[in-house]
Amino acid sequence: MASFQLRQFHFFKRETLDDLPEALKQPDLLLCSNSGDLIFIADADGSIHIVNRSFIVRSFVATGDVPGTRITQMLHIHETRTLLTIEENVSTASSRPIVKLWSVDKLLRQTDVQPVTVKYQQPSSTPHPLTAVAATPSISQIALGFAGGHI
C-alpha cells in the first residue's frame, strides 16, 4: 500500500495591509488581468490601474472622450510586456470594438502614452458583442470571438 505525505507550499508572502490604495476601493471595478509582478484593473470610468507587489498604484485613462465607451476585455501578454485592451460603446448596439495595444514598460515610466489602435470590422453585417480574446505571445495574431459565433 502506498503511503502519502501531506506537504505545504507557500506561494505567497502573507502581509496584512493597513489601508488599501484609493483605486482599489472603488465599487465599479470591471476587469482584472495579471502578470508575474503586476495586476491590471479596469474600472467603469475607462481608467486602468496598474498595481505592483508593494501596492503602489499607477493609473491612466485608456478610453477616449466618447461617452458610454467601456473596456470590455483586457489581456496582458507577458512575453512582449504588452497590455491588450478592447473598448466597446456599451450604449450603442451597433458599435465596433477598438483594439488597443499598450507598452507596459512605457506605461510604468511615462505619463502620456499613446497606444497602437486597431479598428476591427466584424465579418457580419449585424454586430454582436465581443465575448473572447486571445493573442499569440508575439502578438502577430489576435483572435476575437463574438457572441454570434464569428471569430
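Rules of the game
Residues numbered from 1 in each chain as written. Predicted model: local features only at pLDDT ≥ 70, side-chain atom pairs only at ≥ 80, totals over all residues. Heavy atoms only, no water. Helix = DSSP H or I, 4+ residues; strand = E, 2+ residues; numbered from the N terminus. Buried < 20%, exposed > 50% of the residue type's maximum accessible area, 1.4 Å probe, protein only. Salt bridge = Lys/Arg side-chain N within 4 Å of Asp/Glu carboxyl O. Pairing = 2+ DSSP bridges. Polar contact = N/O pair within 3.5 Å; in protein donor to acceptor, adjacent residues only side chain to side chain. Core = buried A, V, L, I, M, F, W, Y, C linked by side-chain atoms within 4.5 Å. Contact = heavy atoms within 4.5 Å.

Asks: Sorry, what's going on with the overall build of the protein chain here?
Replies: Secondary structure assignment for the protein chain yields 1 helix and 10 strands. Traced from its N-terminal end to its C-terminal end, the protein chain shows the element sequence β-β-β-β-β-β-β-α-β-β-β. Split into buried and exposed, the 151 residues of the protein chain put 35% on the buried side.

Asks: Just to check I follow, could you spell out the pattern of salt bridges for this structure?
Replies: As enumerated under the stated definition, the model contains 3 salt bridges in all. Between Arg 81 and Asp 37 there is a salt bridge; the shortest N-O distance is 4.0 Å. Linking Arg 81 in the loop between β5 (69-77) and β6 (82-89) with Asp 37 in the loop between β1 (29-34) and β2 (38-43), this pair joins segments that are 44 residues apart in sequence. Of the residues examined, Arg 81 reaches a relative accessible area of 22% and is grouped as partly exposed. For Asp 37, a relative accessible area of 35% corresponds to the partly exposed category.

Asks: How should unusual backbone geometry be read in this particular structure?
Replies: Trans peptide bonds make up most of the peptide bonds, and negative phi angles are found at most residues other than glycine. Non-glycine residue Phe 55 carries a positive phi angle of around 60 degrees. Checked against the element boundaries, Phe 55 lands in the loop between β3 (47-52) and β4 (57-61). Residue Phe 55 is classed as partly exposed on the basis of its relative accessible area of 36%. Backbone geometry places Ile 139, a non-glycine residue, at a positive phi of 60 degrees.

Asks: Got a minute to help me understand the pairing of strand β10 (residues 142-146) in this structure?
Replies: Summarising the sheet, strand β9 (residues 130-135) and β10 pair through 5 bridges and their orientation is antiparallel. Of the residues in β10, the one forming a bridge with Ala 132 is Gly 145. The antiparallel hairpin formed by β9 and β10 contains 6 residues in its connecting segment, where Ile 139 sits at a positive phi of about 60 degrees.

Asks: Even after reading the chapter, I still don't get the environment of Thr 85, so can you show me in this structure?
Replies: Structurally, Thr 85 is set in strand β6. Along the backbone, Thr 85 and Val 99 are 14 residues apart, and their C-alpha atoms lie at a distance of 5.9 Å. A distance of 3.1 Å separates the side chain of Thr 85 from the side chain of Trp 102, its partner in a polar contact.

Asks: Would you take a moment to explain the nonpolar core for this structure?
Replies: The tendency in soluble globular proteins is for nonpolar side chains to be buried side by side. In terms of nonpolar packing, the biggest core is built from 14 residues, with Phe 40, Ile 48, Phe 60, Leu 83 and Trp 102 touching the most fellow members. Those elements that provide at least two residues to this core are β2, β3, β5 and α1 (104-109). By residue number, the principal contributor to this core is β2, which donates 3 residues. Apart from residues lying up to four places away in sequence, Leu 83 is in contact with Phe 40, Ile 48, Met 74, Leu 75, His 76, Lys 100, Leu 101, Trp 102 and Val 104. Formed by 10 residues, the second largest nonpolar core is a distinct cluster that contains Ile 77, Ile 86, Val 133 and Ile 139.

Just geometry here; none of it tells us what the structure is for.
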